Amino acid sequence: LITRTTNDVQQVQLLIVMSTTILIMAPIMCVGGIIMGIKVGAQLSWVLVVAVPVLAVAMGFLIAKMIPGFRVVQTRLDAVNQVLREQLTGVRVIRAFVREPIERERFDGANTALTDASIRVMRLMAVMFPWVMLVLNLSTVAVWWFGAHLIADGTAQIGSVTAYMQYMMQILMSVMMATFMSMM
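Residues numbered from 1 in each chain as written. Predicted model: local features only at pLDDT ≥ 70, side-chain atom pairs only at ≥ 80, totals over all residues. Heavy atoms only, no water.

1. Examining the nonpolar core
With 27 residues, the main nonpolar core has L55, M59, M128, V132, V143 and M168 as its most contacted residues. Of all the secondary-structure elements, those providing two or more residues to this core are α2 (45–89), α4 (100–153) and α5 (158–183). Counting residues per element, this core draws most heavily on α5, at 9 residues. With sequence-adjacent residues up to four places away left out, V143 is seen in contact with L44, V47, A148, V161, Y164, M165 and M168. With 7 residues, the next largest nonpolar core counts V80, V83, A110 and L114 among its residues. (Core = buried A, V, L, I, M, F, W, Y, C linked by side-chain atoms within 4.5 Å. Buried < 20%, exposed > 50% of the residue type's maximum accessible area, 1.4 Å probe, protein only. Helix = DSSP H or I, 4+ residues; strand = E, 2+ residues; numbered from the N terminus. Contact = heavy atoms within 4.5 Å.)

2. A closer look at the pattern of salt bridges
As enumerated under the stated definition, the model contains 2 salt bridges in all. Here E86 and R106 are joined by a salt bridge, their closest N and O atoms 2.1 Å apart. Remark: R106 occurs in helix α4 and E86 occurs in helix α2; sequence separation between them is 20 residues. The class for R106 is partly exposed, based on a relative accessible area of 34%. Of the charged contacts, one joins R106 and E103 as a salt bridge, the two residues approaching to 2.9 Å between their closest N and O atoms. Placement of both R106 and E103 in helix α4 is noted, with a separation of 3 residues, approximately one turn of the helix. Among the residues examined, E103 registers a relative accessible area of 11% and is labelled buried. Each of E86, E103 and R106 takes part in one network of salt bridges that share partners. (Salt bridge = Lys/Arg side-chain N within 4 Å of Asp/Glu carboxyl O.)

3. Some points on the packing of α2 against α4
How two helices sit against one another is set out by the angle between their axes and by the gap between those axes. Direction vectors running N to C along α2 and α4 enclose 165°, while the axes themselves pass 9 Å from each other. In terms of orientation, α2 lies roughly antiparallel with respect to α4. Crossing of α2 over α4 shows left-handed handedness. Here the contact of α2 with α4 is built from residues that sort into 32 nonpolar, 5 polar and 7 charged. (Axes fitted to C-alpha atoms, helices over the stretch in contact; angles between N-to-C directions. Parallel < 35°, antiparallel > 145°, perpendicular 65-115°, else oblique. Left-handed = near helix turned anticlockwise from the far one by under 90°. Nonpolar A, V, L, I, M, F, W, Y, C, P; charged D, E, K, R; others polar.)

4. Things to note about the environment of M122
Looking at where M122 falls in the secondary structure, it is placed in helix α4. Distance in space between the C-alpha atoms of M122 and G32 is 33 Å, their sequence separation being 90 residues.

Below, the structure written as structure tokens:
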């Protein structure tokens, strides 16, 4: 109960802190970046039209897979804590009836289940960051590639392509922050 309460309180605190900062900042950054990006480089806006949905779908898919995993991890953590609490409260009975090996196996089983569930969820989290970086880097390459052609044609200037690049990163980072916030 103490571990669960402490963990829940920490999750609520983290959610409040993140929501007050990110939920206010992310939409403002996204809308401001879109307005300024269109104003500076309307010819490159199609990159955002492709990158933002790809990033949102990839993050949404991974987060949809992670949320049930986090619930399983919490349940398994509760099981480990219950086994440990039972062993601590009944330590004299366990010793009197020589049940240490059985209790050790019981704890090992609960701990192994928790470890397996945690590893599954953390693997999904580990996959998320390369996907985000892939989308960000491909978007960067697309902006520089097509921006260079626009500069060579004389329809855009170097400064406008660079500014568009910054606005695009601002927009993609705000989408990423909003998806992380929804995961929490």
